Amino acid sequence: MKTHDEIMELMNREIDGLNSADESARLSEYLKGHPDYAQMYDELRDLSTMLGAVEDLTPRKHLAARIMNSVKELDSSQHESRSAFDVIRSLNLRPAMTFAAGLALGSVLIMSLSKYAGDSSADAKHLLGAFVDRNSLDEMEIVGTTSVIGEGVDGSVTAKRSENMILVNVSMHASRETTLRMKYNANELRFKGFVDVKNASSTAAEVGSAELRCTFSGEHAYAVIFDITSPQTSAITLEMLNGDQVVLAQSIATVLPSPDIR
Amino acid sequence: MNEERDQRLVDACLKGDTKAFEQIVLSYQKPLYTAAYRIVEDQDEAEDVLQNAFIKAYENLGTYKKSHKLFSWLYRITPNEALNTIHAKKRFEGLSGDYKSGEKTGDEVFQESELSHALDSALRELKLDYRLVIILNHFHDRSYTEMSYILNIPVKTVKSRLFTARNMLRELLVHNK
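Each chain carries its own residue numbering, running from 1 in the written order of its sequence. Whichever chain is written first becomes A and whichever ligand is written first becomes 1, with later ones labelled in order. Confidence filtering applies because this is a predicted model: local features only for residues at pLDDT of at least 70, side-chain atom pairs given and counted only at 80 or more, and all residues used for totals across whole chains, interfaces and linings. No hydrogens and no water enter the side-chain calculation; it runs on all heavy atoms of the structure.

Q: Quick question: what am I supposed to make of the overall build of chain A here?
A: By the criteria applied, helices consist of DSSP H or I runs no shorter than four residues and strands consist of E runs no shorter than two, each listed in order from the N terminus. Per the secondary structure count, chain A includes six helices and nine strands. Buried residues are those whose accessible area, probed at 1.4 Å on protein chains only, stays under 20% of the maximum for their type, while exposed residues exceed 50% and partly exposed ones sit between those limits. Residues counted as buried form 42% of the 262 residues belonging to chain A. By definition in these notes, contact holds between two residues if any of their heavy atoms fall within 4.5 Å. By sequence separation, contacts in chain A at least 24 residues apart represent 66% of the contacts at least 6 residues apart. Note on areas: these come from Shrake-Rupley sampling with a 1.4 Å probe, and a residue is covered only by the protein chains present in the view. Only carbon and sulfur atoms are counted for the fraction: they give 51% of the accessible area of chain A, which is about 14200 Å².

Okay, here's the thing in structure tokens:
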């Protein structure tokens, strides 16, 4: 005679397709003579069907980019750390001095990494995006919006602002390869990060001194984040380039107009 | 989720190819996000969990053993990160474990599960240990052995929890009709 636990095991294994033919036959025979267990089995099977029909949830598009940004920041910090220690080792210092030098360099590294990505170097750099936390996004209000139409480009740009950050959302379609150059006042804004929203993958943006370039064709959407470093902020200039030639120029406000202006 | 392909991607990652890791992220973010969301029940926190889990995976990729599927190895990290998030939140906010989904803003796109309301409620009533085995087995087709590896518990315990969880869900759904 089968125990309750034995029957439950058989029923669950049946649902999981793990019973042998003999076990399935024994279960079937048992259920015929025990309607209460038969009902339980039917309910379990229905439950399994219901659960099996549930689809995976889809995360928001920026998640993969956010993850890869963190991976690349991790890589950069590890690379800099290794480079620093290679330099120390090459000096052939005594162990205690090596340790002290490493500690000093490590402190400098930690201090530099605590700043946001990007510096004001005149050299163009390939930088990847930075994550903007939920609270910062929720605090933002739209301060400027403009359409960009012409020269094979059709899209819109919106600027949002919180107390400490400006977020520029770009949504474009380009019929041919086009470069968007964003120029800003480096005394007022500091580049923080770039996120390729449309492709849900990391895309490099070239960041130079007071400007950022992104080259694309087709549908594209991305966001650029700036830290605000000055009480007053000027408009950001957007230029469409065909090669080195500026074919379209717009500007987008970074602050709401004063209510006193008529 | 091809095992050969996964192994090629892991080998490439270990040689410094971050694009290969991106392929892993894109392949597995959906099921892992589902698992994370079903545990923390908040969109933003689930994303945080997933970010932390993938970073941890990236940092420890050298410890991945080919004897297990990459997906199972990644899956092993996710529930722990989710539980860390819950415990951290409880320390600060004293919640009893009833989490609500985050508010959706106008420019967010979030695809809702087609889980019926009754099943969703019943699932939420399960304790985490039982909810996890249901997610792993029914949502992601993990075998008892894989679940044992992912949850770091004996197969016998996996089966016991799974059978009990199913029965609990069944009872909840039958009595709530």
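The discussion continues.
Q: Honestly, helix α2 (residues 18-40) of chain B in this entry has me stumped. Any pointers?
A: One turn of an α-helix holds 3.6 residues; hence residues three or four places apart share an orientation. Residues and elements named next belong to chain B. Expected span of a helix, by definition, is 1.5 Å for each gap between consecutive residues, and there is one gap fewer than residues. Taking 1.5 Å of rise per residue, the 23 residues of α2 would be expected to cover 33 Å, yet its terminal C-alpha atoms sit only 28 Å apart, more than 12% below that figure. What we call the bend at a residue is the angle made by axes fitted to the seven residues finishing there and the seven residues starting there. Roughly 50° is the biggest bend found in α2, and it falls at Q29, with proline P31 one to four residues downstream. E41, located one to two residues past α2, shows a positive phi value of around 55°.

Q: For this particular structure, what's the right way to read the interface of chain B and chain A?
A: The interface of chain B with chain A comprises 49 residues on the first partner and 39 residues on the second. In total, chain B and chain A occlude about 4000 Å² of area from one another, counting both sides; carbon and sulfur atoms represent 59% of this. The term salt bridge refers to a pairing of a side-chain nitrogen on Lys or Arg with a carboxyl oxygen on Asp or Glu at a separation within 4 Å. Connecting chain B to chain A are seven salt bridges. Between D16 of chain A and R166 of chain B there is a salt bridge, with the nearest N and O atoms lying 2.5 Å from each other. As used in this structure description, the phrase polar contact means that two N or O atoms lie within 3.5 Å; if the pair is within protein, one of them must be able to donate a hydrogen and the other to accept it, and residues adjacent in sequence are counted only when both atoms belong to side chains. Where chain B packs against chain A, one counts 14 residue pairs in polar contact (both at pLDDT 80 or more). At the level of secondary structure, the elements contributing two or more residues to the side of chain B that touches chain A comprise α2, α3 (43-59), α6 (128-139) and α8 (155-175) of chain B. Of the residues forming the side of chain B that touches chain A, the biggest block, 13 residues, is contributed by α2 of chain B. Buried area: the accessible area, evaluated with a 1.4 Å probe, that two parts lose upon being put together, summed over both parts.

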